[in-house]
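Analysis of the macromolecular model
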Amino acid sequence: MIPARRARQLVVSIHDVSPEFEPAVDRLHAQLTRLVRGPISMLVVPDFWRKAPLAGAPAYRAKLRAWADAGVEMLLHGWSHRDETTRHRGLASWKARHMTAGEGEFLGLSRAEAARRLREGRAAVEDAIGRPVTGFVAPAWLYGEGAKAALAEEGFEVAEDHFRVWRPGDGAIVARGPVISWASRSRARTLSSLAFAAFARRALAPLPTLRIAVHPGDVRKASILDSIEQTVRTAAAGRQSVTYRDLAAVASRGA
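Here's a quick rundown of the structure. This is a predicted model, so every value here is computed, not measured.

With that settled, the discussion passes to the packing of aromatic side chains. Scanning the model with the defined rule gives seven aromatic pairs in all. With centroids separated by 6.2 Å and ring planes inclined at 75°, the aromatic side chains of phenylalanine 136 and tyrosine 143 adopt a geometry described as edge-to-face. Overall, the relative accessible area of 1% leaves phenylalanine 136 in the buried class. Pairwise contacts between aromatic rings join Phe106, Phe136, Tyr143, Phe156 and Trp166 into one cluster. In this structure, arginine 164 packs its charged tip against the face of tryptophan 166, placed 3.9 Å from the ring centre.

Right, let's talk about unusual backbone geometry for a bit. A positive phi is found at histidine 81, a non-glycine position, where the angle reads about 70°. Following the sequence through the fold, histidine 81 ends up in the loop between strand E3 (73-76) and helix H3 (91-98). One non-glycine residue, tryptophan 141, lies in the positive phi region at around 60°. You can see tryptophan 141 is positioned in the loop between strand E4 (135-137) and helix H5 (145-153).

Under the 1.5 Å per step criterion, the end-to-end length of helix H1 (residues 22-35) is 20 Å for 14 residues, consistent within 8% with the ideal 20 Å. Listed in full, the buried residues belonging to H1 are Ala24, Val25, Leu28, His29, Gln31, Leu32 and Leu35. Considering only its buried residues, H1 is in contact with strand E1 (9-17), strand E2 (41-44), helix H2 (58-69), strand E8 (209-214) and helix H7 (222-237).

Let us now look at the pairing of strand E7 (residues 173-176). Strand direction decides the pairing type here: strand E6 (residues 164-166) and E7, joined by three bridges, are antiparallel. Paired with valine 165 across the two strands is alanine 175, which belongs to E7.

On to the nonpolar core. Grouped burial of nonpolar side chains is what soluble globular proteins tend to show. Core analysis: the largest hydrophobic core is formed by 69 residues, its most contacted members being Ile14, Leu64, Met74, Phe136 and Tyr143. Of the residues forming this core, the biggest block, six residues, is contributed by H7. When near neighbours in sequence (up to four residues on either side) are disregarded, leucine 64 contacts Val17, Val44, Leu54, Met74 and Ile129.

Going through the model one piece at a time under the given rule, you end up with 18 salt bridges. Across the salt bridge formed by glutamate 105 and arginine 117, the nearest N and O atoms sit 2.8 Å from each other. Of the two residues, glutamate 105 sits in the loop between H3 and helix H4 (111-129) while arginine 117 sits in helix H4, which places them 12 residues apart along the sequence. Accessibility classification places glutamate 105 together with arginine 117 in one group, the buried group.

Bringing the packing of H4 against H5 into the picture now. Relative orientation and spacing of two packed helices are given, respectively, by the angle between their axes and the distance between those axes. Across the interface, H4 lies against H5 with an axial gap of 8 Å and an inter-helix angle of 50°. Between H4 and H5, the angle is such that the two are oblique. Every pair of crossing elements has a handedness; the one defined by H4 and H5 is right-handed. Here H4 contributes Arg111, Ala114, Ala115 and Leu118 to the contact with H5, which in turn contributes Gly146, Ala147, Ala149, Ala150, Leu151 and Glu153. Of the residues assigned to the contact of H4 with H5, the class counts are seven nonpolar, one polar and two charged.

Of the two faces of E3, the one carrying Glu73 and Leu75 and the one carrying Met74 and Leu76 are both buried. Direction of pairing for E2 relative to E3: parallel, over a ladder of four bridges. Bridging from a neighbouring strand, leucine 43 pairs with leucine 75 of E3. Regarding topology, H2 serves as the crossover connection from E2 to the parallel E3, and that connection is right-handed.

Each value, and the rule that gives it
- Residues numbered from 1 in each chain as written.
- Predicted model: local features only at pLDDT ≥ 70, side-chain atom pairs only at ≥ 80, totals over all residues.
- Heavy atoms only, no water.
- Phe/Tyr/Trp six-rings, centres within 6.5 Å; stacked < 30°, edge-to-face > 60°.
- Buried < 20%, exposed > 50% of the residue type's maximum accessible area, 1.4 Å probe, protein only.
- Lys NZ or Arg CZ within 6 Å of the ring centre and 35° of its normal.
- Helix = DSSP H or I, 4+ residues; strand = E, 2+ residues; numbered from the N terminus.
- Expected span 1.5 Å × (residues − 1).
- Contact = heavy atoms within 4.5 Å.
- Pairing = 2+ DSSP bridges.
- Core = buried A, V, L, I, M, F, W, Y, C linked by side-chain atoms within 4.5 Å.
- Salt bridge = Lys/Arg side-chain N within 4 Å of Asp/Glu carboxyl O.
- Axes fitted to C-alpha atoms, helices over the stretch in contact; angles between N-to-C directions.
- Parallel < 35°, antiparallel > 145°, perpendicular 65-115°, else oblique.
- Left-handed = near helix turned anticlockwise from the far one by under 90°.
- Nonpolar A, V, L, I, M, F, W, Y, C, P; charged D, E, K, R; others polar.
- Right-handed = clockwise from strand over helix to strand, strands pointing away.

Nothing here speaks to function; it is all geometry.
In structure tokens form, the structure reads like this:
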């Protein structure tokens, strides 16, 4: 008997969810929930750049809990989102210079320090939302060896980088393919991200799982908001919106 073909999937996430970016996150949430029939995910930073602690923002904690109650999936997204490592070596040095603007927090951490931030970050977010977080995504999608080792031990259901989603516990990869995102911090980066999104709308269409990630900085440029609109609308028309937890659960059943 030929097995039924699995529906194509779409995972849409808002990064850098924090009191620091409340208006921008609200705007992105409104846009995505208008376009997507199904769940979206939020990546929450417990204390963005150590100046916006969730613990000191009771109204925002209540907002996160209300979103979680309404079905928004919550994941941990670092502790501070800021790279506090004074010096990187080898490939990590190149990544720190070219793949992020000082925000690769988990790129240079030791195993022990990464584990501490994972535990404390999870506790902070779960205390706010009143339920377990699904998984962990490193700021800028950058993981050093210490972070990878700590993540495998801390019991998160799922993790993500630029090119894959996997289960840290057993290393099983549950989705492959580049995530579509946008860059707003320079004109050149904006133009290149707009071009990639336009290309990806067609080129990545055959992928079983498509991932789209938006950031608070995206709302500063109308061209990016328009591109998000086109990209999400196109993807949502032919895909089932799912959570990261859904991806991990399907893989664990051997589907």
